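One letter stands for each residue in the lines below.
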Amino acid sequence: MMRVVSGIQPTGNLHLGNYLGAIKQWVAMQDAMGADDVCLFFLADLHALSQPVVASELANATVEMAATLLACGIDPERSVLFNQARVPAHSELCWLLSGTARMGWLNRMTQWKDKAGKKGETQSVALFSYPVLQAADVLAYQATHVPVGEDQKQHLELARDIATKFNLDFGVDLFTLPEPFVSKAAPRIMSLRDGAAKMSKSDPSDASRINLIDSDDTIVTKVKKAKTDPEPLPSDVAGLDARPEAKNLVTIYAALADVTPAEVIAQFGGQGFGHFKPALADLAVANLGPIRDRLTRLLDDRGEVGRVLERGAEKARALAAPTLRAAQDAIGLQV
């Protein structure tokens, strides 16, 4: 039996890069699960507290992110969808594991070094202990697999270290050691204005990204105005290596069509962007238009989205409760 756990921070205005790089992979994972397997997907609103937040914005972003996941195909009847804060076991287990984790382990975390820089003393304790909460997120559910990108593999290794030390320290065989689930199909989507930069909602140019709420006309316009070079598409994939903008558009087409870049080149190689871009725009509209329409309907009834999250949280609380109690018992926190 597989038990897959993954979280995503609630941020507004998701774009094509978020969809192709993460959410589409979640949907594929959900659809591939067997009858006895479980997928748990959560909105990491507790993790968001590692940086300054505005309460109303966080609440709205959580609902909007949940609506986006639902619109993209996460099915609450087949997966457990919830927000982290509604399952106290995440916070409680994090505190228990804080007695097992070591300062030296956390100091070595690359993400901490990158975000804190030379101003570590001004950062929140939550940012420093972020990986311990991540460990609790997956260990609470006895996760067997955790979808991770290359930049998150260190965090999963830490979770395994914490689980191993806890089991050894208290003489129990409690925590499952989760394995990384690295999807080789997940593409890296770059800016439409700069093939060397990731597509990002923080880019000041809205033309750099395709938002999941963009209209069909806006999608078409952004694709047609995407930066390219004057040469036609090459006859083989290797010819894209020195052409980042061309490579990005081919990558997007391949991801939307569920084909390989080589198959895209086989179809369009030798043709100019005047022919390729309209085909890409039509494909993007066909894929993203239904998602936008479903998202719009969901956001018109935010109360129902909240109820979906609460039903998911109820399932998650039941799944996490035995592990939390067993960890308390192992430590000696008897009632």
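Structure report, in brief. This is a predicted model, so every value here is computed, not measured.

### What to know about the nonpolar core
Link 1 in the chain: Of all hydrophobic cores here, the largest spans 58 residues; its most connected members are Ile252 and Phe276.
Link 2 in the chain: No other element matches the 10 residues that helix H11 (residues 273-299) contributes to this core.
Link 3 in the chain: The contacts of Phe276, once residues within four sequence positions are left out, are Leu233, Leu249, Val250, Tyr253, Val264 and Phe268.
Link 4 in the chain: Core analysis: the second largest hydrophobic core is formed by 44 residues, Phe82, Phe128, Ala136 and Phe175 among them.

### A short note on empty space enclosed by the protein
Any empty space left between atoms is shown by rolling a water-sized probe over those atoms.
Link 1 in the chain: Scanning the entire structure with this criterion turns up two cavities of 30 Å³ or more.
Link 2 in the chain: Roughly 50 Å³ of volume is contained in the largest cavity.
Link 3 in the chain: At the level of elements, helix H5 (110-116) and helix H6 (125-139) are the ones that each hand at least two residues to the lining of the largest cavity.
Link 4 in the chain: Counting residues per element, the lining of the largest cavity draws most heavily on H6, which supplies four residues.

### Considerations on the packing of aromatic side chains
Link 1 in the chain: Summed over the entire model, instances satisfying the criterion amount to 10 aromatic pairs.
Link 2 in the chain: With centroids separated by 4.5 Å and ring planes inclined at 10°, the aromatic side chains of Trp26 and Phe41 adopt a geometry described as stacked. Highlighted residues: Trp26 in helix H1 (residues 16-32) and Phe41 in strand E2 (residues 38-43), separated in sequence by 15 residues. Across this residue pair, the class does not change: Trp26 and Phe41 are buried.
Link 3 in the chain: When the centroid spacing of 6.4 Å and the interplanar angle of 70° are considered together, the rings of Phe273 and Phe276 count as edge-to-face. Of this pair, Phe273 and Phe276 both sit in helix H11, three residues apart, roughly one helical turn.
Link 4 in the chain: The class for Phe276 is buried, based on a relative accessible area of 0%.
Link 5 in the chain: Taken together through their ring pairs, the aromatic side chains of Tyr253, Phe268, Phe273 and Phe276 make up a single cluster.

### Focus: helix H3 (residues 89-98)
Link 1 in the chain: Among all positions of H3, only Ala89, His90, Leu93, Cys94, Leu96 and Leu97 are buried. Projected onto a plane normal to the axis of H3, the buried residues spread over an arc of 165° and lie on a single side.
Link 2 in the chain: Those residues of H3 that are buried are in contact with strand E3 (80-83), H6, helix H7 (153-169) and helix H12 (302-331).

### Regarding helix H9 (residues 244-257)
Link 1 in the chain: Look at H9: 20 Å from first C-alpha to last across 14 residues, which is about the 20 Å you get at 1.5 Å a residue.
Link 2 in the chain: The buried count for H9 comes to 11 of 14 residues, which makes it a mostly enclosed element.
Link 3 in the chain: Check the buried side of H9 and you find it contacts H1, helix H10 (261-268) and H11.
Link 4 in the chain: Directly beyond the C-terminal end of H9, a positive phi value near 60° is found at Asp258.

### Overview of the environment of Leu14
Link 1 in the chain: By the element assignment, Leu14 lies in the loop between strand E1 (3-8) and H1.
Link 2 in the chain: For the pair Leu14 and Arg209, spaced 195 residues apart in the sequence, the C-alpha separation amounts to 9.6 Å.
Link 3 in the chain: For Leu14, the contacting residues outside a window of four places in its chain are Ile23, Met65, Thr68, Asn211 and Leu212.

### Some details on the packing of H3 against H6
Link 1 in the chain: For the pair H3 and H6, the least separation of the axes is 8 Å and the interaxial angle reads 120°. Looking at the two axes, H3 sits oblique to H6. As H3 packs across H6, the resulting crossing turns out to be right-handed. Note on element contacts: H6 touches H3 through Val132, Leu133, Ala135, Ala136, Asp137 and Leu139, opposite His90, Leu93, Cys94, Leu97 and Ser98.
Link 2 in the chain: Residues that form the contact of H3 with H6 fall into these classes: eight nonpolar, two polar and one charged.

Each value, and the rule that gives it
- Residues numbered from 1 in each chain as written.
- Predicted model: local features only at pLDDT ≥ 70, side-chain atom pairs only at ≥ 80, totals over all residues.
- Heavy atoms only, no water.
- Core = buried A, V, L, I, M, F, W, Y, C linked by side-chain atoms within 4.5 Å.
- Buried < 20%, exposed > 50% of the residue type's maximum accessible area, 1.4 Å probe, protein only.
- Helix = DSSP H or I, 4+ residues; strand = E, 2+ residues; numbered from the N terminus.
- Contact = heavy atoms within 4.5 Å.
- 1 Å grid on protein atoms, 1.4 Å probe; cavity = no way out; pocket = protein on both sides within 12 Å on 5 of 7 lines; lining within 4 Å.
- Points joined across faces, edges and corners; volume = space filled by probe spheres on them.
- Phe/Tyr/Trp six-rings, centres within 6.5 Å; stacked < 30°, edge-to-face > 60°.
- Arc of directions from axis to C-beta.
- Expected span 1.5 Å × (residues − 1).
- Axes fitted to C-alpha atoms, helices over the stretch in contact; angles between N-to-C directions.
- Parallel < 35°, antiparallel > 145°, perpendicular 65-115°, else oblique.
- Left-handed = near helix turned anticlockwise from the far one by under 90°.
- Nonpolar A, V, L, I, M, F, W, Y, C, P; charged D, E, K, R; others polar.

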